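In case you want the letters, here they are:
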Amino acid sequence: MIPGPANVLSCPFCGGTKEVMSLVSGNTFRGTVWSDTRREYPMLPEVSPIQQCPHCKKYYFIEQAKREYSKDPKSEMRSFMKLGNLSFRELKEAILQMESLSLSKMQRWILNHQFFMAYNDTFRRSPETKAFPPSEEDETFYQKVIEELLDGIDKSADYELFHAELLRETGRFEEAKEVLLHHANEDDRWVVDAMLRHINDKDTLPFLLIKEGEVVD
């Protein structure tokens, strides 16, 4: 991984700036991949597609910001691993803030998808997080987001695995199985088989597909 100069973002609301990391090059070596599409690549960190302004505290999509690379030679180290990742609570705030905005279908999908993964990070991804269940309000909000994701999902083959995963994680096992049984891409067979095993076990939790570069049996 070779970091580049800081990418300076200007908030579309107040004009305040913040620095996030840029990369000259990276790789997916020793990556970890989860069934809910969470990907963790130590040598290829990704800047969050949704950012919070440190000045006005509003949220925005990174493509809405004016961007320029810093000319300060020290910015490379100063911005190292500054990705602007948002927590579950912050993404919930972002959804509420953006409710009145005219978002594109893709922006709505990105916002809901980020919330979905963050919800799993907070409440479902590991034994430690499961010890602190969501409130009734948070669970209701989560279910609303899931329904929006399901309603807006592209029904093409490229999104069939994610479609099935959403159904599995909400306990709609027979519907998830039906989607998987129609998935024709043989390159994905190992993923399909893993998902079917968890469906047969009536498991709704996200699970590891690849851990540090190795397929999980």
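Computed from a predicted model, the values in this text were never measured in an experiment. (Residues numbered from 1 in each chain as written. Predicted model: local features only at pLDDT ≥ 70, side-chain atom pairs only at ≥ 80, totals over all residues. Heavy atoms only, no water.)

(A) A look at the sheet that holds strand S9 (residues 66–69). With antiparallel pairing, three strands are arranged side by side in an open sheet as S3-S2-S9. At either end of the open sheet lies a strand with only one pairing partner, and these are strand S3 (17–20) and S9. Taken pair by pair, the neighbouring strands of this sheet meet at an average axis angle of 25 degrees, ignoring direction. For strand S2 (residues 7–10) and S9, the ladder comprises four bridges, and the chain directions are antiparallel. Counted as the bridge partner of Ser10 is Lys66 from S9. (Pairing = 2+ DSSP bridges. Helix = DSSP H or I, 4+ residues; strand = E, 2+ residues; numbered from the N terminus. Axes fitted to C-alpha atoms, helices over the stretch in contact; angles between N-to-C directions.)

(B) Region of interest: the packing of helix H5 (residues 136–152) against helix H6 (residues 160–169). For the pair H5 and H6, interaxial distance at closest approach is 10 Å and the crossing angle is 150 degrees. It follows that H5 is roughly antiparallel to H6 by the angle criterion. In the packing of H5 onto H6, the handedness of the crossing is left-handed. Between H5 and H6, the contacting residues are Tyr142, Ile146, Leu149 and Leu150 on the first element and His163, Leu166, Leu167 and Glu169 on the second. Residues that form the contact of H5 with H6 fall into these classes: six nonpolar, one polar and one charged. (Parallel < 35°, antiparallel > 145°, perpendicular 65-115°, else oblique. Left-handed = near helix turned anticlockwise from the far one by under 90°. Contact = heavy atoms within 4.5 Å. Nonpolar A, V, L, I, M, F, W, Y, C, P; charged D, E, K, R; others polar.)

(C) Representation of the layout of surface pockets. The space that makes up the largest pocket amounts to roughly 610 Å³. Around the largest pocket, the lining is made up of 22 residues, and of these Arg38, Arg39, Glu46, Asn85 and Met117 lie nearest the centre. Elements represented by at least two residues in the lining of the largest pocket include exactly strand S6 (39–40) and helix H3 (105–123). In terms of residue count, the dominant contributor to the lining of the largest pocket is H3 (five residues). When grouped by side-chain class, the residues that make up the lining of the largest pocket number twelve nonpolar, five polar and five charged. In this model, the second largest pocket occupies a volume close to 410 Å³. (1 Å grid on protein atoms, 1.4 Å probe; cavity = no way out; pocket = protein on both sides within 12 Å on 5 of 7 lines; lining within 4 Å. Points joined across faces, edges and corners; volume = space filled by probe spheres on them.)

(D) Representation of the packing of H6 against helix H7 (residues 173–181). Packing of H6 against H7 leaves a shortest axis separation of 8 Å and a crossing angle of 165 degrees. One finds that H6 runs roughly antiparallel with respect to H7. For the pair H6 and H7, the crossing hand works out as left-handed. When H6 is examined against H7, the residues Glu160, Leu161, His163, Ala164, Leu167 and Arg168 are found in contact with a partner set consisting of Phe173, Glu175, Ala176, Val179 and Leu180. Looking at side-chain class alone, the contact of H6 with H7 contains seven nonpolar, one polar and three charged residues.

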